[in-house]
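# Structure assessment
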Amino acid sequence: MARRFSNVGSMISLAAVLAAGSTATPASADTLRDALVEAYNTNPTLQGTRADQRATDENVPINRASGLPTATVTATHIEFVRRSANSFTAPERNLGVNAQLLVPVYSGGAVKNSIRASEERVAAGQAFLRNSESAIFGQVVAAYMDVLRTEALAALSANQVQVLAVNLEATSDRFEIGDLTRTDVAQSQSRFALAQGDLRQAEAALVNARETYIQLVGKAPNNLQAPPPLPGLPDTVGGAIVTALENNPNLIASKERAQAAGFDTKAAGAGRLPTVGLFANGDYSDFFGTLGGPVSADFAQSEKTANVGVRVTIPLFQGGLPAARQRQAGARESAALEEVIEVERSVIRETRGTYSNWRAANAVIESSQAAVEAAELSLEGVRAENSIGNRSILDVLNAEQELLSARAQLVTARRNAYVAGFSLLALMGRAEARDLNLDTGGPLYDPQVNFERVRSKFWDWDRDPKAEPKSTRTVDIPASDGKIGPTLEENPAN
């Protein structure tokens, strides 16, 4: 019980942090919270998974229908175009109407267990929907952070081009007065050209990152703001594993599927048991005055009959079909039980690996910050020493490259730490819309609402509105460019 309250507290704190992260942003800027809301409402993968779940809900009334009464009416009109030469009373035409009512009473447990299996699969589908939601959110977070990272890297590359351009100009001036050699100028030219190529690659990477964001979110990124810190992250890998084994939606879905397979096995075994049903039949026949030929006045031209009864069907021998079906269902149940262990192993591995990546990224942040500070001091010192002739131009160029590499590593580490932290929350079952308290413009999508709506429906003409897509298209969004936007200057993961 204490763990349950702890989980709720972490959900509230995560929602509060995301809300706080969206209150102090410029008017023309997007936040991570905005991106998640857009994806929640318009992402086609998520919308399609919800539709698939609604289709799964219908399996319950479909299986329940096998245990409900059925009523049919059959009308047949016959024209006897050629009659026997020896028949003097055969009719020329006939209208027959048959009404039939069948009421299943006992089916050996097949209907009951099929309904239970369907209900378990509905629960499994709802858990899978949770998993899909957190997976989409994880992709959105990664895309959001990739845009920030590539913008920062492009900004660093652009700054490096400017620095090397100034350096090349200064080197050329010093060469003109005989203070430096042609080799020094060539080295500066080489680094400047390489920096220009790196900038073009950085701009191309920025375009790809922005297009991925558009694909997931459905709108172009607009001055993305640094995301808020991630609360509720575990202190130990053991705590993360315990929470993941309790709340991971993929693991919950596999357990529900195993339960459904157990009911399938029971339903398959019902094929060898007796079935009992009630029936009622009514018939009406009208010969339109053609029955009896010349003596038709002696015959009734219409008649009505009715009968009711009980039908008991006792299978004696079916060629081993029921046993084969039950063995088959049992084998599938075994496979489903093994799948639970497989998913459990996967969750443990992914949680441990993601926790390790998160901790490693945070460690890289600390070391990269120290490296940036040291590289800045080193560059300042090398430039001073170069001005008095104690360092070569190559030393200055190398120091500038080291500073650029350290800054790039810091930016990448911040992105990796945030994405790994969110992925860890997703594995622990804490990265869904209900945990984030997203303001989606209405109530959150609850798959249980549709299930309760359809589970007891039995009217044959009950239909839903025509299917229409709910996600947004991106065909009208202009192509992204490599223009540099805001950089990621603060560490969001700490």
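Not measured: the values here are computed from a predicted model.

## Points about the overall build of the protein chain
Assigned secondary structure in the protein chain consists of twelve helices and four strands. Relative to the 2.2 N^0.38 estimate, which gives 23 Å for 494 residues, the radius of gyration of the protein chain is 37 Å and therefore markedly larger than a compact globule would have. Over its C-alpha atoms, taken along the principal directions, the protein chain stretches across nearly 135 × 55 × 45 Å. Considering the protein chain as a whole, with its 494 residues, one finds that 38% of them fall into the buried category. Taking as baseline every contact in the protein chain between residues at least 6 positions apart, the subset at least 24 positions apart corresponds to 85%.

## Let's talk about the pairing of strand 2 (residues 93–106)
Taken together, the ten bridges between strand 1 (residues 70–79) and strand 2 define a ladder with antiparallel strand orientation. Bridge pairing in strand 2 places threonine 76 opposite glycine 96. With eleven bridges connecting them, strand 2 and strand 3 (residues 275–286) associate as antiparallel partners. Within strand 3, the residue paired with alanine 99 across the bridge is glycine 282.

## A closer look at the pattern of salt bridges
Pairing between side chains becomes possible if they bear opposite charge and their charged atoms approach one another. Applying the stated criterion across every chain, the model contains 21 salt bridges. A salt bridge links lysine 457 to aspartate 462; the nearest nitrogen and oxygen atoms lie 2.8 Å apart. You can call aspartate 462 partly exposed: its relative accessible area is 36%. Within the structure, one salt-bridge network assembled from shared partners comprises Glu79, Glu92 and Arg93.

## Things to note about the nonpolar core
Core analysis: the biggest nonpolar cluster contains 40 residues, and Leu36, Phe137, Val140, Tyr144 and Tyr213 have the highest contact counts within it. Contributions of two or more residues to this core are made by helix 2 (32–42), helix 5 (110–176), helix 6 (182–217), helix 9 (321–387), helix 10 (393–427) and helix 11 (433–436). No other element matches helix 5, which puts eleven residues into this core. Counting 13 residues, the second-largest nonpolar core is a separate cluster that includes Ala361, Ile365, Leu379 and Val396.

## Considering the packing of helix 3 (residues 44–57) against helix 12 (residues 447–454)
Each pair of packed helices can be summarised by the angle the axes make with each other and by the distance between the axes. Where helix 3 contacts helix 12, the axes come no closer than 9 Å and their chain directions differ by 30°. It follows that helix 3 is roughly parallel to helix 12 by the angle criterion. Between helix 3 and helix 12 lies a crossing whose hand is right-handed. Residue-level inspection shows Gln53, Arg54 and Asp57 of helix 3 in contact with helix 12, the latter providing Pro447, Asn450, Phe451 and Val454.

## Re helix 8 (residues 249–269)
Here helix 8 spans 31 Å end to end across 21 residues, near enough to the 30 Å set by a 1.5 Å rise per residue. Taking the backbone nitrogen of asparagine 250 as reference, a side-chain oxygen 3.0 Å away marks asparagine 248 as the first, capping residue of helix 8.

## Let's talk about the packing of aromatic side chains
Each aromatic ring pair is described using two quantities: the centre-to-centre distance and the angle formed by the ring planes. Per the stated rule, a full pass over the model turns up three aromatic pairs. A ring pair is formed by tyrosine 144 and tyrosine 213, whose centres lie 6.3 Å apart and whose planes are at 50°; its orientation type is tilted. On the criterion of sequence distance, the pair formed by tyrosine 144 in helix 5 and tyrosine 213 in helix 6 is long-range, its members being 69 residues apart. According to the relative accessible area criterion, tyrosine 144 is buried, its value standing at 0%. Its guanidinium or amino end placed over the ring of tyrosine 40, arginine 50 lies 4.5 Å from that ring's centre, counting from NZ or CZ. We note arginine 311 situated over the ring of phenylalanine 279; from NZ or CZ to the ring centre the distance is 4.6 Å.

## Overview of the environment of arginine 415
Mapped onto the elements of the fold, arginine 415 is located in helix 10. Overall, arginine 415 belongs to the buried group, its relative accessible area being 16%. A sequence separation of 197 residues divides arginine 415 from glycine 218, and the C-alpha atoms of the two residues are 22 Å apart. Beyond its immediate stretch of four places on either side in the chain, arginine 415 contacts Ala142, Met145, Asp146 and Arg149.

## Description of the sheet that holds strand 4 (residues 302–313)
What the four strands build is an open sheet, ordered 1-2-3-4; its pairing is antiparallel. At either end of the open sheet lies a strand with only one pairing partner, and these are strand 1 and strand 4. Strand-to-strand twist of the sheet, defined as the mean angle between neighbouring strand axes without regard to direction, takes the value 15°. Bridge count for strand 3 against strand 4 is twelve bridges, and the pairing is antiparallel. Paired with glycine 282 across the strands is alanine 306, a residue of strand 4.

## Comments concerning the confidence of the model for the protein chain
Close inspection of predicted coordinates is inappropriate in any region flagged by low pLDDT. Model confidence for the protein chain is summarised by a mean pLDDT of 89, while 92% of its residues fall at 70 or above. Between residues 1–25, whose pLDDT stays under 50, and residues either more than four places distant or in other chains, the model counts 33 contacts. Ignoring residues within four places in sequence, the model shows residues 486–494, a span with pLDDT below 50, making 29 contacts including any to other chains.

## Notes on a nonpolar patch on the surface
Nonpolar side chains collect at one region of the surface, where Val105, Tyr106, Leu273, Leu278, Val310, Val312, Ile314, Leu316 and Phe317 lie side by side and expose about 960 Å² of accessible area between them. For the nonpolar patch, the secondary structure elements donating two or more residues are strand 2 and strand 4. Relative to the assigned elements, valine 105 resides in strand 2. When its relative accessible area of 52% is taken as the criterion, valine 105 is described as exposed.

Rules and cut-offs
- Residues numbered from 1 in each chain as written.
- Predicted model: local features only at pLDDT ≥ 70, side-chain atom pairs only at ≥ 80, totals over all residues.
- Heavy atoms only, no water.
- Helix = DSSP H or I, 4+ residues; strand = E, 2+ residues; numbered from the N terminus.
- Rg over C-alpha atoms; globule rule 2.2 N^0.38 Å.
- Buried < 20%, exposed > 50% of the residue type's maximum accessible area, 1.4 Å probe, protein only.
- Contact = heavy atoms within 4.5 Å.
- Pairing = 2+ DSSP bridges.
- Salt bridge = Lys/Arg side-chain N within 4 Å of Asp/Glu carboxyl O.
- Core = buried A, V, L, I, M, F, W, Y, C linked by side-chain atoms within 4.5 Å.
- Axes fitted to C-alpha atoms, helices over the stretch in contact; angles between N-to-C directions.
- Parallel < 35°, antiparallel > 145°, perpendicular 65-115°, else oblique.
- Left-handed = near helix turned anticlockwise from the far one by under 90°.
- Expected span 1.5 Å × (residues − 1).
- Polar contact = N/O pair within 3.5 Å; in protein donor to acceptor, adjacent residues only side chain to side chain.
- Phe/Tyr/Trp six-rings, centres within 6.5 Å; stacked < 30°, edge-to-face > 60°.
- Lys NZ or Arg CZ within 6 Å of the ring centre and 35° of its normal.
- pLDDT = per-residue confidence, 0-100.
- Patch = residues over 30% accessible without salt bridge, like charges linked within 9 Å, V, L, I, M, F, W, Y side chains within 5 Å.
- Areas by Shrake-Rupley, 256 points an atom, 1.4 Å probe, with all protein chains shown as cover.

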